[in-house]
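Architecture and fold: a report
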Amino acid sequence: MRPDSPATTFARRHIGPSPREIDAMLATVGATSLEDLIAQTVPGTIRQKSPLAFGEALSETAVIARMREIASKNQVFTSLIGTGYHGTLLPYVIQRNLLENPAWYTAYTPYQPEISQGRLEALLNFQTMICDLTGLDVANASLLDEGTAAAEAMALAQRVAKNPSTSFFIDQDVHPQTLAVIETRAEALGWSTIVGNPATELHAADVFGAIFQYPGSEGAVVDYRDAVAALHTKGAIAVFAADPLALTLLTPPGELGADIAIGSTQRFGVPMGYGGPHAAYMAVKDAHKRSMPGRLVGVSIDAKGNSAYRLALQTREQHIRREKATSNICTAQVLLAVIASMYAVYHGPEGLKWIALEVARKTALLAAGLRKLGFEIGNTSFFDTLSVAVGARQNEIVTRGLAEKLNFRLLDGKLGITLDETTTDSVLEAIWRAFGGNLRVSEVEAPASGLPAALARTSEYLTHPVFHRYRTETELLRYMRKLSDRDLALDRAMIPLGSCTMKLNATAEMMPVTWPEFGSLHPFAPLDQAAGYTEMFEDLKAKLCAVTGYDAVSLQPNSGAQGEYAGLLAIRGYHRSRGDQHRTVCLIPASAHGTNPASAHMVGMEVVVVACDAGGNVDVADLRAKAEQHSAKLAALMVTYPSTHGVFEESIREICEIVHAHGGQVYLDGANLNAQVGISRPGDYGADVSHLNLHKTFCIPHGGGGPGMGPIGVKAHLTPFLPGHPFLDGGQAPVGPVSAAPFGSSSILPISYVYILLMGGEGLQKATEVAILNANYIASRLSDSFPVLYRNHNGRVAHECIVDPRSLKNSSGVTVDDIAKRLIDYGFHAPTMSFPVAGTLMIEPTESEGKGELDRFCDAMIAIRREIAEVEAGKWPIAESPLRFAPHTVHDLVVAEWPRKYSREEGCFPEGTARVDKYWSPVSRIDNVYGDRNLVCSCPPLEEYASASK
Ligand SMILES: *Cc1c(COP(=O)(O)O)cnc(C)c1O
C-alpha cells in the first residue's frame, strides 16, 4: 500500500492549522511551543505519565481495508427475529443525499432556528407523520429508542396520572428489551412493575398506568379498548407501544383511547445497524404536551410576520429546570427521524399502506404454508409476526434455518417469525424448508389477512401535501436539497459551540456506516454472526480505557445523558451492594450541564448544589462543607472536567479525595474529553466513572441533534454494575439495561473507531493540544473586544472560552441574542449561549478549524464589537441598529420601503463578508414567545407556506 506523504497523513488533514500557522498562533498567545502552552494550561499534577501507545496511525486507504476485513467477519442473515427491529429498504436517493450528505449530518441541534429551517421542516414532517399514524395530538421530534421511549412514557404517566399508585402495568407481550429498560428505570425510582396479561391481570385501580404492545411482540393484534376505558375510570394512563407500519392498517392508538403512544420508526428506511441508531417517537394527547419529554418543533412567526419553525416550549429544559426537568434527554435521533420522515414523503400514504398490505399478505401466506405443513400458529390474529408451536423440533428447525441463512426468534416451545418489506417469495420458501416442507409459494392458497376486522383503520393519514408532492426522484432530490440549503452546517462554516465539540467528521470515518455488513444486522442475531462487531467493540473499548485510565467500558448508552444515567446506576448499584442503600445525595456544582441534575433525579438521588467561586472553579470550601454535612448519605459528586467554564481547575485531585473521604463516588462528566485525550486521564486523578461523548470528541457527527453515543468508563470496583442486557445475560446482571440494544447505536461506532485508527496515539494527543491552542488563540484575539470570563493563573483557557458581553448591555442595550443573530449575517453559527453563564457566549473552536477560519470568526466578532461601539456612541439606538434587525434576509434587499437608519449594504453585507458565497438566513429573527403562546406542532396548512415564500 502506498504510504502517506507527511503532508497527507490523516492527522495533518484532521487538524486545521498547518505547522506554520501553529507557530504563528503560538506567537500570538505568547507560548514558545505546544508543549509550553500545555504546561501553562494543564496542571502538572494530572498530566498523563506515558503517551497513548496505539501503534502507527493508519492511512485512509489502509483503514478502509481494515474495516472491510472487520466487516467481512459479520454475516448478514435474513433476520426474522422481529422484537421491534425489521429489514427495510432505504431509498437510494435518501441514502446518498441525506444519510451520506454532510449538509444534513454535520448540522447541530436547531437551537438557532433561523439557520435550521430545513431540518426543522423535516422534523415537523416527522411530528405530523407520527400524529397522523397514532391518532394523537402532539408528537415530539424523536427519542432514543423504543425501550427508553417506553420508560419515558411510564415517567410521563406517573407525572400526569390522577391515580396515586406507584405501580405500572406492563403487557406480557411487550418486547423483552422494552420490559427490561422499563424495569431498570422503575426500580431506581422506587416504583413497582406488574407484568401480565391485560385481559385477566390488569387491575386498573392499582396502577398509575399501563403499557400495551400493538401489535404484540409475539404477533397477536389485540383490541385494548376495554382495558383503556378501565384505566381511565381509575385515573390511570394508557400507553401504547405501536408499530408505525401496522398503524397504516390498524385503528390508531388515539382512537382506542390511548393517552400516549411510543414506538420505533426504524422500519421507515433506517437500517437495523445491530441495534441503532434509529428514531423512537412519542405522541400524546393535547392535555399532556407540556409534560412531554424531548424536543418539540413548533411553528412561530419571524420579525416580518412570516411563518417560521423553531423548538417550542421545553427547548433547553434541563438547563432551566435541572433536577425538576421532565427527563434528561438532550441529544436525540434527529438524523434518523429526518430519514424516517423522508421515507414517508417518498412513499406517501398509499405507498406505506401498500407496503403494510404486502407484509400482511405474505405473513398470511406464510401462516397458511406452515399450517399445511402441520404446524400450529399460536396467534390467530397477526400483522407481520407469527409464533409457531414447534415443541421438541425447535433445535432441528433452527439449525435448518441457519443453513438457509435465516434467524428465527427463540421462544419457549415456539419460534417467532417476523416479516418485513424485504421479504421475498424465496424467503418464504426457505422458511418452509427450514420447517421441513418443500412448498412453493404458487402452491399455497391465498389466505385471508390475519388482521382483526374490528381493528381495521378507517381514518385517513398523511393527508398533508408534503406527503404527496415529491413522488419523482427529481422532485424529492430537489426537496431535500432545498431544505439542506436553508441550514448552516459544518460543511459551510465553523460551528464554535462550547461544550458541543463540533469538529471534522471525515468522509473515511463515515464510509463503513452504510455498508450492509454493519447496517443489516439484527441486534439479537446470534453472536457468532457479529464477530466483526465484537472484534471492533473489544478493540474500541481497550482504546477508550487507555485514553481515560478506566478499567472497563460499556458501549450501551446511546447519548451522553444516557451515559450519566448508566454511570449513576453503577454508583447506586455499588453502594447498595455494600448495604449503603441510604447513600442518595448527589453533589453537583452550579456550573454543571443541565443533564447532570436531571440524570441524578432519574436514579432517585437528591441533588445538592455546590457553589463556584469568582474564578469559575468549584468552591472547594463549599464542597468540603456540603460533603461533611451529607457525609452519611453521600452517594456521588458529578463534576465536569475541565469545567464548563473552560478551565482545568488545579484542585481536581483534592475534590475527588474529599468525596472519597466521605464514602462518595466521583462521576466525572467526560463531555469535555477533547481537552484531555493523550494529556490527562480521569481514571488516574481520582474519578470513578465517566461518560464520553463519541459525538463530540470522537467525531460522530451531530446529525442536527443526534445520533450520538455516550459509552461509560469505570474503575474496576464499578465493573459489575455496568448495564446488563437480557439478550446477553438473561436478565441476571445486577443493573439492567439503559438502552434497548446491548451495544447501543452500534452502527455508528465505526466512525469513532476509524478516527482513532487514523489519528494514532500521537495524532490524538496533537489534536488535543491544537484544540487548546485554538481556544487560547481566540481568547487572545477577542480579549480586547470582550472580557474573557475565566482563565487559570497563567491566563490560559482549556479547549473553550467564555466571552462576556454583559457589561455592554448596560452601555448599549445589546443582548447576547443580538450578537448571535448578527453572527449569522457574517456567515457563522453562534457559540453556545447562556450556558453555563447566563448572558455570555461559550466558544469552542476544536482542533479542526484552521487559522483562516478562526481569523474570519474573530474578525466578525471584533466587527460586531465595533457595531456595538457605534450604538454606545449614539450613532443609532440599539432598536434601530443592524444588530437588532439581524439576521438580514434577501427580503431586506428588495422591500421597497427602507426606513432603517443604516443602509441595506451595512445590514446584509457587513464588513468582511463575501458577496458571492453569502449564506442567507431564510427567515428574519424568530419570535419564540409567539410560538409558545400559539402552539402549532404539525405541518401548517399550505396557505402559510405560500405566504412565507412571498
Ligand atoms: C453534551 C453534554 C452532555 C450531554 O450529552 P448528550 O449526548 O447531549 O446527552 C452532558 N454534559 C456536558 C458537559 C455536555 O457538554
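Residues numbered from 1 in each chain as written. Predicted model: local features only at pLDDT ≥ 70, side-chain atom pairs only at ≥ 80, totals over all residues. Heavy atoms only, no water.

If you walk across this open sheet you meet the seven strands as 2-8-7-6-5-3-4, and the pairing is mixed. Single-partner strands in this sheet number two, and they are strand 2 (138–139) and strand 4 (192–196). Here strand 6 (residues 237–242) pairs with strand 7 (residues 260–264) via three bridges, running parallel. Note on strand 7: the bridge partner recorded for Phe240 is Ala261. Docked against the sheet, helix 7 (residues 117–134) engages strand 2, strand 7 and strand 8 (280–284), running at close to 65° with respect to strand 8. Sitting on the sheet, helix 11 (residues 225–233) touches strand 5 (209–214) and strand 6, and the angle it makes with strand 6 is about 150°. (Pairing = 2+ DSSP bridges. Helix = DSSP H or I, 4+ residues; strand = E, 2+ residues; numbered from the N terminus. Contact = heavy atoms within 4.5 Å. Axes fitted to C-alpha atoms, helices over the stretch in contact; angles between N-to-C directions.)

Ranked by internal contacts, the top residues of the largest apolar core, which has 213 residues, are Met129, Phe212 and Met342. Of all the elements, helix 26 (residues 749–782) adds the most residues to this core, at 19 residues. Leaving out residues up to four positions away in the same chain, Met342 has contacts with Ile94, Leu98, Ala122, Leu476, Tyr479, Met480 and Leu483. Of all hydrophobic cores here, the second largest spans 35 residues; its members include Val138, Leu144, Ala153 and Ile260. (Core = buried A, V, L, I, M, F, W, Y, C linked by side-chain atoms within 4.5 Å. Buried < 20%, exposed > 50% of the residue type's maximum accessible area, 1.4 Å probe, protein only.)

Burial runs high along strand 7: five of the five residues are buried. Side chains of strand 7 alternate between two faces, with Ile260, Ile262 and Ser264 and Ala261 and Gly263 buried alike. Pairing analysis gives five bridges linking strand 7 to strand 8, with the strands arranged antiparallel. Bridge assignment links Ser264 to a residue of strand 8, and that residue is Ala280.

In the vicinity of the ligand, 15 residues are found, and the nearest of them are Thr331, Ser499, Asp669, His695 and Lys696. Between the ligand and Ser499 there is a distance of 2.6 Å, counted from an oxygen atom to a side-chain nitrogen or oxygen. His695 is positioned such that a nitrogen or oxygen atom in its side chain is 2.7 Å from an oxygen atom of the ligand. In the complex, 98% of the free accessible area of the ligand, which totals 380 Å², lies under the protein chains. With three residues, the single largest contributor to the shell around the ligand is helix 21 (residues 560–577). Among the residues forming the shell around the ligand, the class breakdown is three nonpolar, nine polar and three charged. (Near = heavy atom within 4 Å. Polar contact = N/O pair within 3.5 Å; in protein donor to acceptor, adjacent residues only side chain to side chain. Areas by Shrake-Rupley, 256 points an atom, 1.4 Å probe, with all protein chains shown as cover. Nonpolar A, V, L, I, M, F, W, Y, C, P; charged D, E, K, R; others polar.)

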